[in-house]
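Here is how the chains run, residue by residue.
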Amino acid sequence: MTDMLTPVLTDIWDAEQSWKLATYVDQGGYAALDVAFAMDPDDIITAVKDSGLRGRGGAGFPTGMKWSFIPQDNPKPKYLVVNADESEPGTCKDIPLMMGNPHVLVEGVIISSYAIRANKAFIYIRGEVVHVIRRVQAAVEEAYAAGHLGKDIHGSGYDLDVVVHAGAGAYICGEETALLEGLEGRRGQPRLRPPFPAVAGLYASPTVINNVESIASVPAIVKNGAAWFGAMGTEKSKGHGIFSLSGHVQKPGQYEAPLGITLRELLDLAGGVREGHQLKFWTPGGSSTPLFTDAHLDVPLDFEGVAGAGSMLGTRALQIFDDSVCVVRAVLRWTEFYQHESCGKCTPCREGTWWLTQALTRLENGQGSEADLDQLIDQCDNILGRAFCALGDGATSPVTSSIQYFRDEYLTHLSNGGCPFDPARSTAWAGTEVSA
Amino acid sequence: MTTTPDKTVEKTDLVIVTIDGVQVSVPKDTLVIRAAEQVGVQVPRFCDHPLLAPVGACRQCLVDVPDAGNGRGFPKPQASCTLPVAEGMVVSTQVSSPVADKAQQGVMELLLINHPLDCPVCDKGGECPLQNQAMSNGRGESRFSDDRNRGVKRTFPKPINLSPMVLLDRERCIVCQRCTRFADEIAGDPFIALVERGVQQQIGIAEDAPFLSYFSGNVIQICPVGALTSEQYRFRSRPFDLVSTPGIAEHDACGSAIRVDHRRGAVLRRQAGDDPAVNEEWISDKDRFAFAYAQADDRLSYPQVRDDDGSLRPASWPEAFTVAARGLAAAREAGGVGVLTGGRLTVEDAYAYGKFARTSLGTNDIDFRARPLSAEETDFLASNVVLTGPGAGGVTYGDLESAATVVLVGLEAEDEAAAVFLRLRKSVRAGGTEVVSLAPFTTRGLAKLAARLVPTAPGDEAAALRALAGELDASSVLLVGERMAVVPGALSAAAEVAASTGARLAWVPRRAGDRGAIEAGCLPTLLPGGRPVADAGARIDVATAWGVEALPESPGRDADGIVAALVAGTLGGLLVGGVDPDDTADPAAARAAIDAAGFVVALDLRRTEVTDRADVVFPVAPTTDKSGSFVNWEGRVRSWEAALRNPASLPELRALAGIADELAQLGQGRPLGFRTVDEVRAEMAQLGPWDGARVELPATRVESAATQQREGGNSTVRLATWKQLLDNGSLQDGDKYLKSTARTPVALVTPDAYDRYGPTVTLTGDRGSMTLPAEICDDLVDGVVWVPANSVGDGVLADLASPGTTVTIAGAEGVHG
C-alpha cells in the first residue's frame, strides 16, 4: 500500500540529522545545481513549464509560466521570494519540510533564482516558528560555507545571496503582495494589482513569489527531468505533493504522494479515522477551502478533481473531523481566526468577519431562527468576491459549505437551545480519566 | 461626496466604453468610476478621491463588468475606483446591474455594523457621505442590530487628539485611508498611519509625534464620515444651519479658493474651495482656521477722533470725515501727506487709496510695502511684475507642474506660499520636476520637495543665481520671494538670468494684497493699470479717466522715504491702513514717523498701536464683510462677494470716498466718484491696463558683496530669517488650538556653533537681543544662524536686527549645562 507514496522532498526525513548539509549531500543533494548551471536559464524555465509543476501554496498557478512573466529586459534587479509564511489553520507541510530537509529548499532557491536571473532571494518565514527560522538560517549558513551560495557558485560565475526573513505574526502576510509589503518593512496589507509582482514586486522590481514546496520541487525536476515529474499525478495536476493529515486519524502526518490520490487511500495509509468513530467532515486544503464530507472520500485530490466537487485543493491540509465534532463550533473557531487575522484594509473582510463571528456564536448557543441561516448565507455572499484579497473569500468557505452539508445540525442547535455535542468527546484524551 | 472636478482633458487616446448602456469616450487610463460620472452615474464611494492615488479599500464602488474589452467579463464585481477603462469595455453599475447593486448594498451594510448611529450629535451629520450614500445605496434597516440580532458594535474611548487641533473619534472611522494618504501623498507629513488590524484597525500617531502638519485641516474636510473633527468647530454647529459663501483666503498671495461657512453673522468655519487651476482642493491650516481675528474684542466698530483732552473719542461718520479732511488739508499745506496702505488690501480698496493719493492729496507718496523694501524692488515690480498674469505670459500653478526645473530664490514655499508648496510637491512626485532652492539650509519643506539645495547665505543670492544660470532654459521657472527686495542686485540678477536663459520668472510676495496693490497704483512710480508715473501719456490717460486736469508728475517717496520725511518733518501728515510698525524695515523709525506726523488718519480692522496714535480712526471691514478681489502671485484676479451683511462694516474705499468728498468741499481734489466695490470694479474695468511700453529695469546695480564683508570674528553670524506659516501674526489671533500647532521657535545653528554655544543661544544685533533654544541644522551654511521672523517677542526686525545683517551669537548665560 505504501507504494502509493512518492517520497521526494520527504525522502530523507528519517535519516540521521536529515537537516544537515552532509546528510543532504550524501543523498545526492546539490547535484542538481551543476545540472542547472550547465543549462541556459531559459531552458530551466522551459523544463519547469514542461514538468507541469503548479504552485503548491494553494492557488495552483503554473510555476514555470510565472517565471516566464519576469521581463528580462527590465533593468532593475530581479528577486525571488519564497513564501514560507505558513499560517493557515490545518496547513502544516512547509514547516516540517523546512525542519526535515531545509537544504532541498536552499537548492531550489538557487536553481530558481538562476533561472529568473535573480541575484538576491528572500525566504520569508512565519515569525512564530522560531525553530524553523533557526534551522533554515543554519542551512543557508552551511550552504554559504560550502560554496553553494555567495559569489561564483560552483565556478559558474553566478552570484546569489539569500536572506532569511522572519515575519511578524500576521496571517495576511501569506498573501503574496502583503508579504512583499512586510518584507519592505511596511504594514502587511495586500497591494493593488496591477502592477503584478512579476513586473513591480519587491522594491518595485520584477519578483517571483513561490511557495516553499514549489521551490523545493525544482531540484528533482532539474535532476530527473520534466518527464519524470510529469509521470506522477494526473493530466493537469502533475507531480508529487505533501498531503498533511491531521485531526481524528490514527496516524496523522505528512504523506507525500502523487496528486490525484484520494482521501480514502490516504486514510488507509494513516490507519483510518479515530477508533470507534466515523468520518464526519474534512477540509481538502486548509480552513479556507469548502468542507467535504464522507461523500467525498473518492474525490481525486488534484486541482480539477477537488474543484469539480466544489472545493479547492489548496495546501492539501486534510483536517479530519469525526462524528464527535460539532461542525458549528468548528466553523465558529475558524471564523474567529479570520476575524482576528483580517488585516482591516477592506470593508467586507474587516466588518464581515466581525459579523460572522457574532452570528455563529449565537447559533452555536442555540439562539436565533432558521432565517438566520439564510442571512448568514447572504452575508457570505456579500463578502465572497467583494473583498480586496482572498482572505475574505476564504473566511466564507467554512460557513457556506457547513450550512450546505450540515444545515440540520445548525437547526438542532436551535431546537436544542444550544450545542448538542460534548466538546470533551472530540479531544485527543476523550474517554480517559484525567486527574488534576 | 467628492466628485471629479471638471478639468479640461486633452482629447488624445480616447477609448470608448459602454456604461449602463450608454457609450462614452474617455481618455485612456480613466478610472471606471470617473467614466461613469461622464454618463451621469454616481457610483457610491468612500476611499476614492480624485486627487489621491487609488487604493480600493472600502469596496463601496463595486460594479459589474460583463466585458473587460477583450470579450471576457470579470467573474466577480470590480472596484470601479481602481479599474481603468479599456476599449470596448462594458460596465454595469448599480443602475443596471442587480449584482452590482447588491454588492454595494452589502458593503454599505457592513460599513454600518460598527459605525455608531450618533448622526444627530455628529458634526458630519447633514453633510456626511456615509449618511448620504447609506440613504441612496443602502438598506433601510440593519440586520446586524435589530430585534432579532443584537449585534455588539466595536467601540473605542473617545475622542483622541491627533494634534492640538485635529480630533479622532475612532468608532466612526471607516478606515478609508483618505487622511493617511493625504498626509503621505499631498502634504508629505506622514505622521498619521494605520495601526492595529481587523476591526481594531484605526488611525494613529506615534508616541510623541502628533500630526503637526501645516495642512492637517484638509483631512477633516476629506474624511467621508465624522471621524475627524477640529477643536475649533467640533459641536459648534450643524451643516444645515450654515450658509456657505465662496471666498478667497487672505493669508497669503496664493489666492486659494475657500468656502466661508457662517451662521447668524458669525463665521463658524472655513473649508477649502475647489479650484483646479489654483489650490485644487487643499488649503493650509492658516487659511482654514485663522479667522477669529475678525471677531476679536478689539475690532473697531465706529470712527473715532482725537478729542481736545488728547484722547480718542467715538465720532459719527460725517464728523470723522470732516475732521479727517480738515486735518489732511492742513497737513498737505504743511509739506504733504504720505500714504501707507499695508499689504492686505483688496485690489478695489487699493485702487481707492491710489486715486485718493493722487486726486485728493495730490501726491505720489504712496507705498503698499509695510516690510523691508528697496528702490531696486520698486523698479523690478514695474519692469517685471505688474500686468503679468495668466494669458499674459505669466507663470501659473499649471506651469509649475510642467516645468522641468523650479528655482526658489528667497522663497520658503511651505511657510510663505502654501498652495505653491503643494503644487510643487505634486509636480515633484509625479516626476519630471526638480526643485532647486537658494537657501541657507534644507528646510523641512525643501526636504519634502526632494529639493536640491544651493547653499546660500543671506545676501549671496544674486551671485548664486548667476552661477546657476548655466543650468536654466525655457523649461525652467524662477520663483523669487519678496525677501529678495533687500538683497542688493538679487532681483536684477533674477530678471537678467531669466532674460538670458529664457527661464520664466514670477515674483511671489507673502501678503494677499501685495500684488493687487501694484496693479492698482499703490507704488510711488506706478499709476493704476501699471501706468508709469514718469510717462506723460500714462498720466494723461489716467487724468482723463478721472476727470482731473493733471496728476502729480514727480515719482513719490516709497515707504522708507515717507517714514524718513515724516521724521524729518518734510511731510506733514500720514494716511495709514493696516500697517504694523514691527513689520517694517525699521520699527523704531516707523513709530517715530507716526509720532512726528502732524496729522494721522488710520484705517484699520482692530485697535492697534497705530490707531492709538492716530488723530482720526476709521473702522474697516474684514474680507468676510465686503466684496473684493485679490490678485495672487500669478497675477490672477480672485474676486469674492461679501459673506456677511454688516452695515456698520465698510470697505476702505467707502471711508476714503467720504474723506474725499469733504476735501473737495475744502477745495482740494474732487470726489472719488465711487462709493461701492461694484462702482470701483466698473471704473477699473473702464480704465483697463496700460498698453504702452513697459519700464525697463535699470542696468545691473552693485551686487551685495556680503561674502567679502563677512566678518572674521568667531562669534558673529549672518542672520537668516523668514516668517513661518504659523507664528505671532495678528491675523492668527483668537485661536489657541491653531497656535498650538505652530512649530516651536528655535535658532538653527551649525553643528560647530551648537557645540560652542548650545543648547540655548543669545543673539544680539543692533536692535536688541533674542534668546532661543538652539537646534542643530546639519547643512546650514557656515557663519549663518536662522531664526523665525515673528515667532518670539515683537519679531526679529524690532528685537534683533535686519535680515542678512551680522549678529553676535553667545551661549545663554545661566542656561548652559
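Scroll up to find the structure this text is about.
Residues numbered from 1 in each chain as written. Chains lettered and ligands numbered in written order. Predicted model: local features only at pLDDT ≥ 70, side-chain atom pairs only at ≥ 80, totals over all residues. Heavy atoms only, no water.

Caption draft 1: The arrangement of unusual backbone geometry in detail. Between A:Arg193 and A:Pro194 the backbone carries a cis peptide bond, its omega angle lying at -5°. Along the polypeptide, A:Pro194 turns up in the loop between helix H8 (176–183) and helix H9 (197–200). Between B:Gly758 and B:Pro759 the backbone carries a cis peptide bond, its omega angle lying at 0°. Here B:Pro759 is to be found in the loop between helix H25 (751–757) and strand S32 (760–765). If you check the backbone angles, A:Asp152 has positive phi at about 45° while not being a glycine. Its place among the elements puts A:Asp152 in the loop between helix H7 (130–145) and strand S3 (161–166). Phi at A:Tyr203 is positive, roughly 50°, even though this residue is not glycine. Note on placement: A:Tyr203 falls in the loop between H9 and strand S4 (207–211). For A:Tyr203, a relative accessible area of 42% translates into the label partly exposed. (Helix = DSSP H or I, 4+ residues; strand = E, 2+ residues; numbered from the N terminus. Buried < 20%, exposed > 50% of the residue type's maximum accessible area, 1.4 Å probe, protein only.)

Caption draft 2: Representation of the interface of chain A and chain B. Taken together, the contact between chain A and chain B spans 34 residues of the former and 39 residues of the latter. Taken as a group, A:Trp354, A:Trp355 and A:Arg386 account for 22% of the area that chain A buries against chain B, more than any other trio of residues on that side. Taken together, the connections running from chain A to chain B amount to five salt bridges. As a salt-bridge pair, A:Asp393 and B:Lys76 come within 3.5 Å of each other at their nearest N and O atoms. Between the two partners, chain A and chain B, sit 26 residue pairs in polar contact (both at pLDDT 80 or more). (Contact = heavy atoms within 4.5 Å. Buried area = accessible area lost by both parts, 1.4 Å probe. Salt bridge = Lys/Arg side-chain N within 4 Å of Asp/Glu carboxyl O. Polar contact = N/O pair within 3.5 Å; in protein donor to acceptor, adjacent residues only side chain to side chain.)

Caption draft 3: Structural detail: the sheet that holds strand S15 (residues 312–314) of chain B. All names here are of chain B. Taken in spatial order, the seven strands make up an open sheet running S15-S14-S27-S26-S25-S16-S17, and their pairing is mixed. Among the strands making up the open sheet, the edge pair consists of S15 and strand S17 (366–367). Where strand S14 (residues 304–306) lies against strand S27 (residues 616–619), two bridges are found, and the strand directions are antiparallel. Each residue of the ladder has a partner; that of Val305, found in S27, is Val616. (Pairing = 2+ DSSP bridges.)

Caption draft 4: Just the environment of A:Pro300, in detail. Residue and element names in this part refer to chain A. Within the secondary structure layout, Pro300 lies in the loop between strand S8 (292–293) and helix H14 (303–308). Linking Pro300 and Glu265, residues 35 residues apart in sequence, is a C-alpha distance of 10.0 Å. Contacts of Pro300, omitting those with residues within four sequence positions, involve Gly260, Ile261, Thr262, Gly305 and Val306.

Caption draft 5: Summary view of the pairing of strand S12 (residues 257–263) of chain B. Residue and element names in this part refer to chain B. Across the seven residues of S12, five count as buried, placing the element largely inside the fold. Inspection of the sheet shows S12 paired to strand S13 (residues 266–272) by six bridges, in the antiparallel sense. Its bridge partner lying in S13, His262 is registered against Val267. Taking the residues between adjacent antiparallel strands as the criterion, S12 and S13 are bridged by two residues, where Arg264 takes a positive phi near 50°.

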